[in-house]
Amino acid sequence: MEDSIQKSCWGVTLRALTGFAGVLFLAYLFGTI
């Protein structure tokens with residue numbers, strides 16, 4: 001049970017990091033234009 005909680009926690013963390021990186025990347029792109 002704790003394994004599934006850890007996995008879902010990691011999935012949420014990875015998704016949040018990916019979204020954050022995407023926003024930073026878009027901001028960087030628009031900042032250079």
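Cut-offs and rules
- Residues numbered from 1 in each chain as written.
- Predicted model: local features only at pLDDT ≥ 70, side-chain atom pairs only at ≥ 80, totals over all residues.
- Heavy atoms only, no water.
- Helix = DSSP H or I, 4+ residues; strand = E, 2+ residues; numbered from the N terminus.
- Buried < 20%, exposed > 50% of the residue type's maximum accessible area, 1.4 Å probe, protein only.
- Areas by Shrake-Rupley, 256 points an atom, 1.4 Å probe, with all protein chains shown as cover.
- UniProt positions renumbered as here; feature names shortened; annotations may be inferred.
- Patch = residues over 30% accessible without salt bridge, like charges linked within 9 Å, V, L, I, M, F, W, Y side chains within 5 Å.
- Salt bridge = Lys/Arg side-chain N within 4 Å of Asp/Glu carboxyl O.

A few points about the overall build of the protein
When helices and strands are tallied, the protein shows 1 helix and 0 strands. Dimensions along the principal axes, computed over C-alpha positions, put the protein at roughly 50 × 5 × 5 Å. Each of the 33 residues in the protein was classed as buried or not, and the buried ones make up 0%. Carbon and sulfur atoms make up 74% of the accessible area of the protein, which amounts to about 3,300 Å² in all.

Quick look at the UniProt feature "transmembrane region" (unreviewed entry) in the protein
Mapped onto the present numbering, the UniProt feature "transmembrane region" (unreviewed entry) falls at residues 12-31. Secondary structure content for residues 12-31 is 100% helix and 0% strand, and the end C-alpha separation is 28 Å.

What to know about the environment of Gly22
Looking at the element boundaries, Gly22 is found in helix H1 (residues 2-32). Classification of Gly22 by relative accessible area gives partly exposed; the value is 31%. Remark: the alpha-carbon pair of Gly22 and Cys9, spanning 13 residues in sequence, is separated by 20 Å.

What to know about the environment of Leu14
Mapping Leu14 onto the fold places it in helix H1. By relative accessible area, Leu14 is classed as partly exposed at 49%. Remark: the alpha-carbon pair of Leu14 and Ala27, spanning 13 residues in sequence, is separated by 20 Å.

Re a nonpolar patch on the surface
On the surface, a cluster of nonpolar side chains totalling about 730 Å² of accessible area is made up of Phe25, Leu26, Tyr28, Leu29, Phe30 and Ile33. Looking at the secondary structure, you find Leu26 in helix H1. Accessibility expressed as a relative area gives 45% for Leu26, which makes it partly exposed.

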